[in-house]
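Coordinate inspection notes
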Amino acid sequence: MADNDEIQLVLEQEGPYAFKVSFGQSGLASLHTDEPAPLGGGSGPNPSALLLAGVANCLAASLVFALRKFHNEPAPIRAQISARKERNAQGRWRIARAQVTLTLADKAAQLEHFERVLAQFEQFCIVTQSVREGIAVDVRVVDGDGVAHVPGAAA
């Protein structure tokens, strides 16, 4: 995928809150998601878990990239992320903060330019930086007649 290519996924409902996530023309296997009980059956990760996985995965990959940029060959990295749902001012559940721990198998003293790596690796992470800055999300709902509706627009 080129740097500016569109990322497109398709989700198809399979159960009350379960969806099959297809990754377009990539040839990747579909992923199955579901909300935990009591809403869903918990047969797959839910959207909150996927969001957190994206943040942690991107940070770990960005750290590997930054280490390799300075000619290091790091041993495998472990990433752990945790977060709690909190209610916002309107009483809606949100993930307000996440804590990420990236654990290296290597000792910092053995890595070239480790302080420079630490100073810049987060800037390489598309997902974390996008979440931090806020992502504009445009939504439209298309009904069974093919009519598009914009949530919040005057009827």
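Here's a quick rundown of the structure. On a predicted model such as this, the values are computed, not experimentally measured, just so you know.

**Topic: the overall build of the protein**
Within the protein one finds three helices and seven strands. Listed by position from the N terminus, the elements making up the protein come as β-β-β-α-β-β-α-α-β-β. In terms of C-alpha radius of gyration, the protein reaches 19 Å, well past the compact-globule figure of 15 Å for 155 residues. C-alpha atoms of the protein, sized along the principal axes, occupy 60 × 35 × 35 Å. In the protein, which comprises 155 residues, the proportion classed as buried is 20%. For the protein, contacts bridging at least 24 residues in sequence account for 35% of all contacts bridging at least 6. Of the roughly 11800 Å² that the protein leaves accessible, carbon and sulfur atoms contribute 52%.

**Observations concerning helix H1 (residues 47-69)**
Working note: α-helix, 3.6 residues per turn, so residues spaced by three or four point in the same direction. Over its 23 residues, H1 extends 32 Å from the first C-alpha to the last, a length consistent with the 33 Å expected when each residue adds 1.5 Å. Of all the residues in H1, the buried ones are Leu52, Val55, Ala56, Cys58, Leu59, Ala60, Ser62, Leu63, Val64, Ala66 and Leu67. Next to the buried residues of H1 lie strand S4 (78-87), strand S5 (93-103), helix H2 (114-120) and helix H3 (126-133). With its phi angle positive at about 65 degrees, histidine 71 sits one or two positions after the end of H1.

**A word on the environment of glutamine 25**
Structurally, glutamine 25 can be placed in the loop between strand S2 (19-22) and strand S3 (31-33). For the pair glutamine 25 and leucine 9, spaced 16 residues apart in sequence, the C-alpha to C-alpha distance is 9.4 Å.

**A closer look at a nonpolar patch on the surface**
On the surface, Leu51, Ile126, Val127, Val131, Ile135, Val137, Val139 and Val141 cluster together into a nonpolar patch covering about 710 Å² of accessible area. Top element by residues in the nonpolar patch is H3. It accounts for three residues. Taking relative accessible area as the criterion, isoleucine 126 reaches 65% and is therefore assigned exposed.

**Quick word on the pairing of S4**
Note: S4 against S5, nine bridges, orientation antiparallel. In the sheet register, glutamine 80 faces S5, and the bridge partner there is threonine 101. From the end of S4 to the start of S5, which pair antiparallel, there are five residues, and glycine 91 there has a positive phi angle of about 85 degrees.

**Focus: the sheet that holds strand S1 (residues 10-13)**
On the basis of which strands lie adjacent, the open sheet formed by three strands has the order S1-S2-S3 and antiparallel pairing. Looking at which strands have only one partner, the edges of the open sheet turn out to be S1 and S3. Averaged over all adjacent pairs, the angle separating strand axes in this sheet is 25 degrees, with direction ignored. Bridging between S1 and S2 involves four bridges; their strand directions are antiparallel. Bridge assignment links glutamine 13 to a residue of S2, and that residue is phenylalanine 19.

**Observations regarding the pattern of salt bridges**
The final tally for this structure, using the stated rule, is one salt bridge. Put simply, glutamate 122 and arginine 132 hold a salt bridge, and the shortest N to O gap is 2.8 Å. Of the two residues, glutamate 122 sits in the loop between H2 and H3 while arginine 132 sits in helix H3, which places them ten residues apart along the sequence. Accessibility expressed as a relative area gives 53% for arginine 132, which makes it exposed.

**Some words on the nonpolar core**
Membership of the largest hydrophobic core is limited to twelve residues, which are Val55, Cys58, Leu59, Leu63, Ala66, Leu67, Phe70, Leu111, Phe114, Val117, Phe121 and Cys125. Going through the elements one at a time, H1 and H2 are the ones with two or more residues in this core. The element that contributes the greatest number of residues to this core is H1, accounting for six residues. Not counting residues up to four positions away in its chain, the partners in contact with leucine 59 are Val100, Leu102, Phe121, Glu122, Cys125 and Thr128.

The rules behind each value
Residues numbered from 1 in each chain as written. Predicted model: local features only at pLDDT ≥ 70, side-chain atom pairs only at ≥ 80, totals over all residues. Heavy atoms only, no water. Helix = DSSP H or I, 4+ residues; strand = E, 2+ residues; numbered from the N terminus. Rg over C-alpha atoms; globule rule 2.2 N^0.38 Å. Buried < 20%, exposed > 50% of the residue type's maximum accessible area, 1.4 Å probe, protein only. Contact = heavy atoms within 4.5 Å. Areas by Shrake-Rupley, 256 points an atom, 1.4 Å probe, with all protein chains shown as cover. Expected span 1.5 Å × (residues − 1). Patch = residues over 30% accessible without salt bridge, like charges linked within 9 Å, V, L, I, M, F, W, Y side chains within 5 Å. Salt bridge = Lys/Arg side-chain N within 4 Å of Asp/Glu carboxyl O. Pairing = 2+ DSSP bridges. Axes fitted to C-alpha atoms, helices over the stretch in contact; angles between N-to-C directions. Core = buried A, V, L, I, M, F, W, Y, C linked by side-chain atoms within 4.5 Å.

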